[in-house]
There are 2 protein chains.
Amino acid sequence: MTPKSIQTRTYAAHSPDQPLTLHEIQRHEPRPNQLKMEIDYCGVCHSDIHQARNEWKNTVYPCVPGHEIVGTVTQVGDAVKKFKVGDTAAVGCMVDSCRTCAPCKDNLEQHCENFPTFTYNGEDRVTKENTYGGYSQRIVVDEHFVLNVPANLDKAGTAPLLCAGITTYSPLKRFHVGPGQRVGIVGLGGLGHMGVKFAAAFGAEVYVISRSPSKTNDALRLGAKGVILSTDKEQMKQFDRKLDFIIDTVSADHDINAYMNLLKLSGNICLVGAPENPLSVEAFSLVFMRRNFSGSLIGGIKETQEMLDFCGQHNIVSDIEMIRMDQINEAYERILKSDVKYRFVIDMKSLA
Amino acid sequence: MTPKSIQTRTYAAHSPDQPLTLHEIQRHEPRPNQLKMEIDYCGVCHSDIHQARNEWKNTVYPCVPGHEIVGTVTQVGDAVKKFKVGDTAAVGCMVDSCRTCAPCKDNLEQHCENFPTFTYNGEDRVTKENTYGGYSQRIVVDEHFVLNVPANLDKAGTAPLLCAGITTYSPLKRFHVGPGQRVGIVGLGGLGHMGVKFAAAFGAEVYVISRSPSKTNDALRLGAKGVILSTDKEQMKQFDRKLDFIIDTVSADHDINAYMNLLKLSGNICLVGAPENPLSVEAFSLVFMRRNFSGSLIGGIKETQEMLDFCGQHNIVSDIEMIRMDQINEAYERILKSDVKYRFVIDMKSLA
């Protein structure tokens with residue numbers, strides 16, 4: 001095993017109900033196929049809050065969240081081929097997987113049958129130690145799980161692409177969204193605003209489905225053709241059976257049948273949030289319009305790279321609000337009130 | 001309008017709670033694009049009971065059920081091209097549709113945006129009269145909605161293909177079920193037994209998912225590789241994430257999540273029954289295995305003909321119990337107890 005000697009400042013949760021605080025860890029020196037990167041920016045995902053507060057009942061403390069990481073390579077192991085010192089690189093939700101199961105071989109590491117090693121609150125496959133995420137100065141990761149960042153992209157705006165971006169890109173690609181299609185995006189938050197950008201970039205006519213008319217200007221600016229007010233029966237009726245595809249980003253309990261009615265024959269509504277309670281689905285709506293209700297989970301490494309390359313070509317990044325590391329607890333509270341446009345990104349120099 | 005002069009014996013329901021009885025109707029002479037056929041056999045579908053008993057709250061009385069019809073062409077209108085007198089022909093769930101909307105043009109008449117004219121309890125698009133189904137001596141139908149029956153097929157066993165057959169064939173084709181795949185069929189009734197036959201004929205490894213071990217011999221005889229006992233936790237666990245595709249034929253309330261757990265990554269469970277109450281779906285199961293939950297409704301005319309041709313090539317018909325017309329009320333009671341292997345078919349000569 002490599003020595004554990006890389007002193008690293010982080011922000012960590014030490015219990016479910018206490019704010020995150022400065023915390024020092026030691027990371028291992030890179031193995032031959034690993035690289036070390038200084039973290040420049042880290043996005044703040046709602047999952048970070050769930051994990052820090054043990055809302056999934058599996059948090060190992062101390063917990064260092066963060067899985068939307070962009071940084072600069074500062075050291076490479078002997079076997080590293082894809083990266084060199086000085087490269088801008090990115091890390092998303094996973095830092096390892098078994099590499100041998102069918103999903104891994106099929107570039108779907110997020111569905112690794114032996115469970116992917118998540119970037120934080122995961123178990124290192126070699127040392128069995130808890131993994132620490134991107135709310136930290138530096139990280140050591142196997143190059144297979146490190147992405148190239150196109151040079152033209154704003155680094156800070158790139159960070160959220162690693163989770164919010166790929167989560168919406170993947171189902172749009174998998175279900176062949178493109179020109180001539182009408183796409184609905186339920187919820188205009190971190191995920192939703194990326195869904196609008198991607199669906200528009202793929203050539204679809206995009207509608208944000210929202211409970212609030214206040215989203216209209218932003219929706220249009222992000223590339224949507226309009227907003228469908230879900231609280232307005234007339235508007236919902238006007239779009240009855242008009243959409244080909246819907247991405248539902250809502251994690252709270254909600255009535256999915258109202259959205260399903262917006263789908264055309266053979267249409268598909270894809271869930272990318274994960275509501276805790278079961279959803280109630282009207283069988284008639286599925287059968288009589290042969291609709292589909294599907295789910296999607298982030299994306300594999302190959303597709304994540306493809307997404308970043310696509311963003312480079314189309315100059316797509318996330319809309320962000322930059323914060324200092326010591327503002328993280330306040331940022332969490334604002335996220336819980338949906339008061340962010342549309343992703344907080346931590347300037348990691350603030351941790352130096 | 002053509003004269004209404006074809007005297008026809010039928011069996012009809014006159015109210016929700018009375019048995020079906022002999023009832024005379026007059027059918028119209030064929031229009032130029034219509035043909036008349038003497039009905040040889042008519043299958044008995046669970047829908048017939050729902051409609052006869054007004055369980056969908058839309059029954060027009062008298063109601064003559066029956067939409068699994070095989071007969072012999074006895075008269076053709078001047079414009080009829082596909083059929084001649086003496087041909088064996090079949091009629092399924094629909095006798096007309098608008099022919100102009102997108103689904104109609106896409107050979108999905110069952111999803112006609114202006115509503116298909118169902119074979120019974122429908123509204124004739126010309127006369128606006130109530131349509132009468134196959135529990136009758138003869139019927140007059142537009143040739144577009146009449147199917148050719150391959151000569152080698154048993155006529156009586158062919159009748160249930162027109163509803164139970166196409167309902168299971170269509171999703172298996174649409175979702176590309178074939179060799180190398182494991183398919184589960186939930187419920188071994190009229191629909192389920194056809195699902196087993198088709199999935200096996202398409203080269204898949206088929207499992208019947210049932211609450212009762214009594215189904216095993218039949219399942220194997222019909223072409224299944226085995227039965228998964230849904231009440232046996234060990235068996236359900238053994239097939240955890242092992243199936244590519246499931247057809248769920250159950251119309252009663254049931255826990256679909258237990259079946260969904262049998263699906264592999266990206267697997268699909270397709271509902272062809274239509275439970276009255278909403279189904280409770282675990283979002284995590286969809287998202288973390290990117291599964292699909294879909295629905296399917298009978299099939300279009302083109303696909304129904306394709307299905308019949310496939311049955312001709314593979315010598316597939318339904319397993320039936322033949323009854324006389326005057327046994328229909330008893331047959332209904334047996335269907336409600338699932339006491340039929342696997343479809344009642346009325347010998348329509350018994351109505352002469």
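Just so it is clear, the structure is predicted and the values come from calculations on it, not from any experiment.

**Focus on the relation of the copies chain B and chain A**
Taken as rigid bodies, chain B and chain A are interconverted by a rotation of 180° and an axial shift of 0.0 Å, the fit giving an RMSD of 0.0 Å. In symmetry terms, the pair is related by a two-fold rotation axis. Same-surface contact between copies: 100% of interface residues of chain B are shared with the interface of chain A.

**A short note on the sheet that holds strand S11 (residues 205-210) of chain B**
Paired through backbone hydrogen bonds, the strands of a sheet run either parallel or antiparallel to each other. Spatial strand order, S12(A)-S11(A)-S10(A)-S13(A)-S14(A)-S16(A)-S16(B)-S14(B)-S13(B)-S10(B)-S11(B)-S12(B): twelve strands in an open sheet with mixed pairing. Only two strands of the sheet have a single neighbouring strand rather than two, namely strand S12 (226-229) of chain A together with strand S12 (226-229) of chain B. Adjacent strand axes in the sheet meet at a mean angle of 20° when their direction is disregarded. Its contacts with the sheet place helix H4 (residues 164-174) of chain A against strand S10 (182-186), strand S13 (243-248), strand S14 (263-271) and strand S16 (292-295) of chain A together with strand S14 (263-271) and strand S16 (292-295) of chain B, and it is angled at close to 155° to S13 of chain A.

**Looking at helix H10 (residues 301-314) of chain B**
All names here are of chain B. Its 14 residues give H10 an end-to-end C-alpha distance of 20 Å, which sits within 8% of 20 Å, the value for a rise of 1.5 Å per residue. The complete set of buried residues in H10 reads Ile-301, Glu-303, Thr-304, Gln-305, Met-307, Leu-308, Phe-310, Cys-311 and Gly-312. Where the residues of H10 are buried, they touch strand S6 (94-96), strand S9 (146-148), helix H3 (155-158), helix H4 (164-174) and helix H5 (190-201). Where H10 terminates, the next one or two residues include Asn-315, which has phi positive at roughly 50°.

**Notes on a nonpolar patch on the surface**
Where nonpolar side chains cluster on the molecular surface, the patch consists of Trp-56 of chain A together with Phe-284 and Phe-288 of chain B and spans about 290 Å² of accessible area. Its location among the elements puts Phe-288 of chain B in helix H9 (residues 283-288). Classification of Phe-288 of chain B as partly exposed rests on a relative accessible area of 37%.

**Some remarks on helix H11 (residues 328-336) of chain A**
All names here are of chain A. Every buried residue of H11 is accounted for by Ile-328, Ala-331, Tyr-332 and Ile-335. Projection of H11 onto a plane perpendicular to its axis shows the buried side chains occupying an angular sector of 105°, all on one side. Looking at the packing, one finds that the buried side of H11 touches strand S1 (6-12), strand S3 (34-44), helix H1 (46-52), strand S17 (320-323) and strand S18 (343-347). Immediately downstream of H11, the backbone of Ser-338 shows phi near 55°, a positive value.

**Comments concerning the interface of chain B and chain A**
Listed per partner, the contact involves 32 residues of chain B and 32 residues of chain A. Here chain B packs against chain A, burying approximately 2,900 Å² in sum over the two surfaces, 63% of which is carbon and sulfur. Between chain B and chain A we count zero salt bridges in total. Of all the secondary-structure elements, those providing two or more residues to the side of chain B that touches chain A are H4, S14, strand S15 (279-281), H9 and S16 of chain B.

**Here we look at the pattern of salt bridges**
All names here are of chain A. Taken as a whole and assessed by the stated rule, the structure comprises 44 salt bridges over all chains. Salt-bridge contacts for Glu-24 lead to Arg-9; the nearest nitrogen and oxygen are separated by 3.8 Å. Taken together, the positions of Glu-24 in strand S2 (residues 21-27) and Arg-9 in strand S1 put the pair 15 residues apart, joining distant regions of the chain. Given a relative accessible area of 29%, Arg-9 falls into the partly exposed group. Its salt-bridge partner being Asp-218, residue Lys-341 comes within 3.7 Å of it at the nearest N-O pair. Highlighted residues: Lys-341 in the loop between H11 and S18 and Asp-218 in helix H6 (residues 216-222), separated in sequence by 123 residues. Assessed through its relative accessible area of 48%, Lys-341 is described here as partly exposed. What makes Asp-218 buried here is its relative accessible area of 13%. Through salt bridges with shared partners, one network takes in Lys-197, Asp-218, Arg-221, Asp-319 and Lys-341.

**So, the domain arrangement of chain A**
Residues and elements named next belong to chain A. The domains assigned to chain A are domain 1 (5-163 + 299-351) and domain 2 (165-295). If you average the C-alpha positions of domain 1 and of domain 2, the two centres end up 28 Å apart. Across the boundary between the two partners, domain 1 contributes 18 residues, which contact 19 residues of domain 2. For the pair domain 1 and domain 2, the two sides together bury roughly 1,600 Å², of which 57% comes from carbon and sulfur. At the boundary of domain 1 with domain 2, the tally comes to four salt bridges. In this structure, the connection of domain 1 to domain 2 is made through 14 residue pairs in polar contact (both at pLDDT 80 or more). The greatest single-element share of the side of domain 1 that touches domain 2, amounting to six residues, is contributed by helix H10 (residues 301-314).

**Focus on the packing of H4 of chain A against helix H5 (residues 190-201) of chain A**
Residue and element names in this part refer to chain A. Closest axis-to-axis distance for the H4/H5 pair is 8 Å, and the angle between their directions is 45°. Classed by the angle they form, the pair H4 and H5 counts as oblique. As for the relative orientation of H4 and H5, their crossing is right-handed in sense. From H4, Ala-164, Gly-165, Thr-167, Thr-168, Tyr-169 and Leu-172 reach across to H5, where they touch Gly-190, Leu-191, Met-194, Gly-195, Phe-198 and Ala-199. Split into classes, the residues belonging to the contact of H4 with H5 amount to seven nonpolar, five polar and no charged.

**A closer look at the packing of aromatic side chains**
Within the structure shown, the criterion is met by 20 aromatic pairs over all chains. Ring pairs connect the aromatic residues Tyr-169, Phe-198, Phe-202 and Phe-310 of chain A, which therefore count as one cluster. The aromatic ring of Phe-202 of chain B is capped on one face by Lys-173 of chain B, whose charged end is 5.5 Å from the ring centroid.

**Things to note about the pairing of strand S3 (residues 34-44) of chain B**
All names here are of chain B. Burial runs high along S3: nine of the eleven residues are buried. Of the strand pairs in this sheet, S3 and strand S8 (residues 138-142) are connected by five bridges, and their pairing is antiparallel. From the neighbouring strand, Gln-34 faces S8, where its bridge partner is Asp-142. In the sheet, S3 pairs with strand S4 (residues 69-76) via seven bridges, with the strands oriented antiparallel. The residue of S4 that forms the bridge with Glu-38 is Thr-72.

What counts, and at which threshold
- Residues numbered from 1 in each chain as written.
- Chains lettered and ligands numbered in written order.
- Predicted model: local features only at pLDDT ≥ 70, side-chain atom pairs only at ≥ 80, totals over all residues.
- Heavy atoms only, no water.
- Least-squares fit on C-alpha atoms with pLDDT ≥ 70 in both.
- Contact = heavy atoms within 4.5 Å.
- Pairing = 2+ DSSP bridges.
- Helix = DSSP H or I, 4+ residues; strand = E, 2+ residues; numbered from the N terminus.
- Axes fitted to C-alpha atoms, helices over the stretch in contact; angles between N-to-C directions.
- Expected span 1.5 Å × (residues − 1).
- Buried < 20%, exposed > 50% of the residue type's maximum accessible area, 1.4 Å probe, protein only.
- Patch = residues over 30% accessible without salt bridge, like charges linked within 9 Å, V, L, I, M, F, W, Y side chains within 5 Å.
- Areas by Shrake-Rupley, 256 points an atom, 1.4 Å probe, with all protein chains shown as cover.
- Salt bridge = Lys/Arg side-chain N within 4 Å of Asp/Glu carboxyl O.
- Arc of directions from axis to C-beta.
- Buried area = accessible area lost by both parts, 1.4 Å probe.
- Domains from an automatic or database assignment.
- Polar contact = N/O pair within 3.5 Å; in protein donor to acceptor, adjacent residues only side chain to side chain.
- Parallel < 35°, antiparallel > 145°, perpendicular 65-115°, else oblique.
- Left-handed = near helix turned anticlockwise from the far one by under 90°.
- Nonpolar A, V, L, I, M, F, W, Y, C, P; charged D, E, K, R; others polar.
- Phe/Tyr/Trp six-rings, centres within 6.5 Å; stacked < 30°, edge-to-face > 60°.
- Lys NZ or Arg CZ within 6 Å of the ring centre and 35° of its normal.

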